[in-house]
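Residue-level structural notes
Chain by chain, the residues run as shown.
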Amino acid sequence: MATAFKESIHTAVNNANLTGALGRFSEAYRVGRAKAYEGIDFEEVRGRIAEVKGYAAGHLDELAGIFTKNAEARGATVFRTSDPHAVNQYILNLARENGVKSVVKSKSMASEEIHLNQRLEEAGLTVNETDLGEWIVQLAGERPSHMVMPAIHLTKEQVADIFSKEVNERLAADIPALVKLARNELRTKFLNAEMGISGANIAVAETGSIVIVTNEGNARLVTTLPKTHVAIVGVEKLVAHFTDILPILTALPRSATAQLLTSYVSIITGPSPNPDGSLKNLHIVLMDNHRTQMADDPMFKEALQCIRCASCLNVCPVFRLVGGHVFGKTYTGGIGTILTAWFDELTKSEEIQGLCIQCGNCVDVCPGKVPIPDMILELRRRLAKQQGPSLKEKAAFGIVNNRRLFHAMLRAASTVQKPFAKDGFIRHLPMFLSDLCEFRSLPAVAEVPFRDRFLKIRQPASKEKVAFYAGCLIDFAYPETGEAVVKVLNKAGFQVVFPEEQTCCGAPARFSGAYEVAAGNATANIDALLKEDAAYVVSACPTCTVALKHDFTKTFVSLGMAEHVPRAAALAAKVIDFSTLAKKLVDEGRLTLAEGNHLAKITYHDSCHLKKTLKADRAPRELLGKAGYEVTEMFESDMCCGMGGSYSLKLPEISAPILRRKLTNIKSTGAAIVAMDCPGCAMQIRGGLDKDGAPIEVRHTAELIADRILPGPTR
Amino acid sequence: MPHLFDTFKTRAEAVSAEVHRFGLRGEALDFIVDLLRAEGVADARGSRAVWVPGSLLDGVDRCRLREQIPGLTFHVTQEAAEASKVGITQMEWAIANTGTLVTDAAPVERRLASALPVIHVAVLATDAIEPDMPAVLTRIHPDRSGYISMITGPSRTADIERVLTIGVHGPSRLVIVFIDELGRN
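Residues numbered from 1 in each chain as written. Chains lettered and ligands numbered in written order. Predicted model: local features only at pLDDT ≥ 70, side-chain atom pairs only at ≥ 80, totals over all residues.

1. Some details on the overall build of chain A
Within chain A, the regular secondary structure consists of 34 helices and 21 strands. Taken over C-alpha atoms, the radius of gyration comes to 28 Å for chain A, in line with the 27 Å a tight globule of 715 residues would show. Its C-alpha atoms put chain A at 90 × 55 × 50 Å along the principal axes. Sorting the 715 residues of chain A into buried and exposed places 55% on the buried side. Restricting to contacts in chain A with at least 6 residues of sequence separation, those with at least 24 account for 78%. (Helix = DSSP H or I, 4+ residues; strand = E, 2+ residues; numbered from the N terminus. Rg over C-alpha atoms; globule rule 2.2 N^0.38 Å. Buried ≥ 20, exposed ≤ 12 C-beta atoms within 10 Å, placed from the backbone. Contact = placed C-beta atoms within 7 Å.)

The following block contains the structure:
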């Protein structure tokens, strides 16, 4: 990664103001958002939004036409263009024609996308942002760091400094006084401006209306006082029908700021009277800037369902550490990465797409049902295709794709690591490898991998078979987890088979955009696992489970390898994660946990893939509770641990603080054991606790329940 | 409809609006006059009051009101509203489950009086409360109103250190006056 980008990350994560403000906000946001949605069926609301916006994305041209006709029938002038420069020129011409010297703006991301302010100022116009946060950022000569809260990175002291310079007077860092000053300063500008520029949150084709949502009341003044009003509207803001605004107005304030409704919602249709009785000179600019191209790309069309609430930023474990500035562009966070790749160009997303740790938090909260992590992977894939993988990645994936070589190297590593390994950990590595264990110890490669230990397990014979997919970490680092899985399934009357030809699940390759490598892994695993006549294919690694169950198909689809999809689906139908299977067997009476015990107080960490993709957060808790463990919930139990596969190697400066938060939350419970279902999380958290020195055990759910099962009924 | 009013009141007060209810128009008028006096409304720049006439003023002697409150005007211009501390408007609808007021704000006086002064007094009939936004949007439609305004609490921001601060570009006080007798207009 380029040094400048790494430096911007370094600056951000070490900016206590920023990480403090964003961290506190993200914690409060979660609570506030949940409260705002009380009594609302979020799934229903976002289903409707996805429907109306999805329809619009599929009919952009048609809806733009209808909107234009209806808005013009009401007296507005509509300018449609795909060219951002044409927007700037149009507004500049309007300003000239109408003798405009001074412009007031309410928030418009679209105008920032095309650097409108700069163009107008170059032409000698005075432009004032009037949204408080935007004005602060404008005066500071900075860029917004958050889509909804542009100045969240600044303290009140810094704002006082910025305002002091503007008014030539020493101001105190008193927030109400600073807000009052902004009111007074900007009021004069409102009253003197000849042109008001706004954005729009929704544009309704059926009525030719624009809908503007604000809290401060600046948009009401921008659209009322100056004689000319220009609204810059991205075509993705279009909806077909007036009633389509309902689900959007239900979700937008709740998701953006945890409000039931913002202070002001203005629905403007055609020109209304100006204060002097004349009619408003109303211009609506429908701006495309690659949106139609996006709509035509099946992998990205759903991005147009975004309502710009920024909830994907607010729940992102990475965003709350780095803020918006590292994204370097108008749009930030997960959705910002995607928009930048399209509105700007693909290569502009090269560095920022790497920030996504693929935890899926944003998928849970997105009111537009935009599959942000999948889209970021698709960007990664296209970038990799365009530029080719790095030499290091090429070498690594060359090995992963050759199972024999890959496994031979892992075995060799267990010998080579000997000088560095102690008690199953590697705590220090020499020279250029030293970064790898700076914030967490690494697990030593097991002397005897699971595939060899498996041969020595004596299993009761059974006609019912389960195929075990170990995955690299269980096979080569944590074979004891695999043994526990076998033990549990044996007690339920299954014989476990371990297809030797199974290899890496392909997740590392897929997450790096090397889809061809992932497809190779997928084919090899499908062959190996379907060869066995097993009732289930079980994995005790959620990342592997998701790969087997969902990603093989997605990879094939992305690469246009449709002929492989049926076999991937056949495998997917059999794939199940360990805890869901064990819970199912308990419910079916095939497994009996020794109840009535009072075992240790434990806490449970939800692994991203298990909870967010497989929706299996209840099963492990129920199993552990039944076994007699007292499960105490930690704060943010379902927040990523910072592992993210190779993410923790590529961006240790982000992975480390995410892990630190997780460790703090684990320790605060006072539990002696932290349970989880993912060997990847176990590697990260175990390594962190080892460095930290806290005497807390990290155990896989399979290990914790393996000894608590009563001898099963003989079958 | 006591239920709708209670819901409205709870929700509006939760976002810092002040909610009052009177049975008779006369009581409401007295309340507003008292409020204007208490706020020191006078014939001086920044202390005036603008009132956009609505059905509450039907049959009311406006000259007498102006005598009672020097600085009050019913002729709402940008200059008058900008020089006013208090703006009074009548609203057509309210939404109970969000504590929202809804009005056809195409007449510019309504926007000026509700946006420029520090205090906005909103007058409406108690039976103008609808349960939710879908219900209100069957009553008011862009085909008939060029500028629909929805107002939920006073103007607010959290742009500095996320500290909620009331009163940025719009009013810092929203006083809502429900009148049972007013009936729908």
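We are not done yet, so read on.
2. Topic: helix α23 (residues 479-491) of chain A
Residues and elements named next belong to chain A. Its 13 residues place the ends of α23 19 Å apart at the C-alpha level, agreeing with the 18 Å of an ideal helix rising 1.5 Å per residue. Among the 13 residues that make up α23, ten are buried, leaving the element largely enclosed by the rest of the structure. Every buried residue belonging to α23 is among Pro 479, Thr 481, Gly 482, Ala 484, Val 485, Val 486, Val 488, Leu 489, Asn 490 and Lys 491, and all of these are buried. Of the residues one or two after α23, Gly 493 is the one with positive phi, at around 95 degrees. (Expected span 1.5 Å × (residues − 1).)

3. Thoughts on the sheet that holds strand β1 (residues 18-22) of chain B
All names here are of chain B. An order of β1-β12-β7-β4-β2-β3 is seen for the six strands of this open sheet, with the pairing classed as parallel. For this open sheet the edge positions go to β1 and β3 (72-73), each flanked by a neighbour on one side alone. In this structure, strand β2 (residues 48-51) lies alongside strand β4 (residues 84-90), joined through four bridges in parallel fashion. In the strand pairing of β4, Val 50 is matched with Gly 87. (Pairing = 2+ DSSP bridges.)

4. Concerning the packing of helix α9 (residues 156-167) of chain A against helix α10 (residues 175-192) of chain A
Residues and elements named next belong to chain A. Where α9 meets α10, the axes come as close as 11 Å, and the angle between the chain directions of the two elements is 35 degrees. At the point where α9 passes α10, the crossing takes the left-handed sense. Contacts between α9 and α10 involve Lys 156, Val 159, Ala 160, Phe 163 and Val 167 on the former and, on the latter, Ile 175, Leu 178, Leu 181 and Glu 185. The class makeup of the residues in the contact of α9 with α10 is seven nonpolar, no polar and two charged. (Axes fitted to C-alpha atoms, helices over the stretch in contact; angles between N-to-C directions. Left-handed = near helix turned anticlockwise from the far one by under 90°. Nonpolar A, V, L, I, M, F, W, Y, C, P; charged D, E, K, R; others polar.)

5. Describing the interface of chain A and chain B
Taken together, the contact between chain A and chain B spans 48 residues of the former and 37 residues of the latter. Elements with a minimum of two residues in the side of chain A that touches chain B: α2 (16-36), α8 (132-140), α9, α10, α11 (218-224), α12 (245-257) and β9 (264-269) of chain A. Of all the elements, α10(A) adds the most residues to the side of chain A that touches chain B, at eight residues. For the side of chain A that touches chain B, the residue count by class is 27 nonpolar, 17 polar and four charged. With five bridges joining them, β9(A) and strand β9 (residues 147-151) of chain B adopt antiparallel strand pairing. Within β9(B), the position partnered with A:Val265 by the bridge is B:Met150.

6. Section: the domain arrangement of chain A
Residue and element names in this part refer to chain A. Partitioning chain A into domains gives domain 1 (50-291), domain 2 (421-587) and domain 3 (601-706). One C-alpha centre belongs to domain 2, the other to domain 3, and the line joining them spans 19 Å. When contributions to the side of domain 2 that touches domain 3 are tallied by element, the ones reaching two or more residues are β13 (442-443), α22 (471-476), α23, α24 (507-511), α26 (542-558) and α28 (578-587). (Domains from an automatic or database assignment.)

7. Considering the sheet that holds strand β20 (residues 673-676) of chain A
Residue and element names in this part refer to chain A. Pairing in this open sheet of four strands is parallel, and the strands run β19-β18-β20-β21 from one edge to the other. Here the strands that pair on one side only, and so sit at the sheet edges, are β19 (630-631) and β21 (697-700). Direction of pairing for strand β18 (residues 601-604) relative to β19: parallel, over a ladder of two bridges. Across the sheet, the residue bridging to Lys 601 is Glu 630, located in β19.

8. A few points about the packing of α26(A) against helix α27 (residues 565-574) of chain A
Residues and elements named next belong to chain A. Two elements in contact, α26 and α27, have axes separated by 8 Å at closest approach and are oriented at 170 degrees. By the angle between their directions, the pair α26 and α27 is classed as roughly antiparallel. Where α26 approaches α27, its residues Leu 548, Lys 549, Phe 552, Thr 553, Phe 556 and Val 557 are matched on the opposing element by Val 565, Ala 568, Ala 569, Leu 571 and Ala 572. Tallied by class, residues from the contact of α26 with α27 come to nine nonpolar, one polar and one charged. (Parallel < 35°, antiparallel > 145°, perpendicular 65-115°, else oblique.)

9. With respect to the environment of B:Arg156
Mapped onto the fold, B:Arg156 is located in strand β10 (residues 156-157). For the pair B:Arg156 and B:Gly170, spaced 14 residues apart in sequence, the C-alpha to C-alpha distance is 8.1 Å. Beyond its immediate sequence surroundings of up to four residues, B:Arg156 is in contact with A:Asn215, A:Ser263, B:Leu164, B:Thr165, B:Ile166 and B:Val168.

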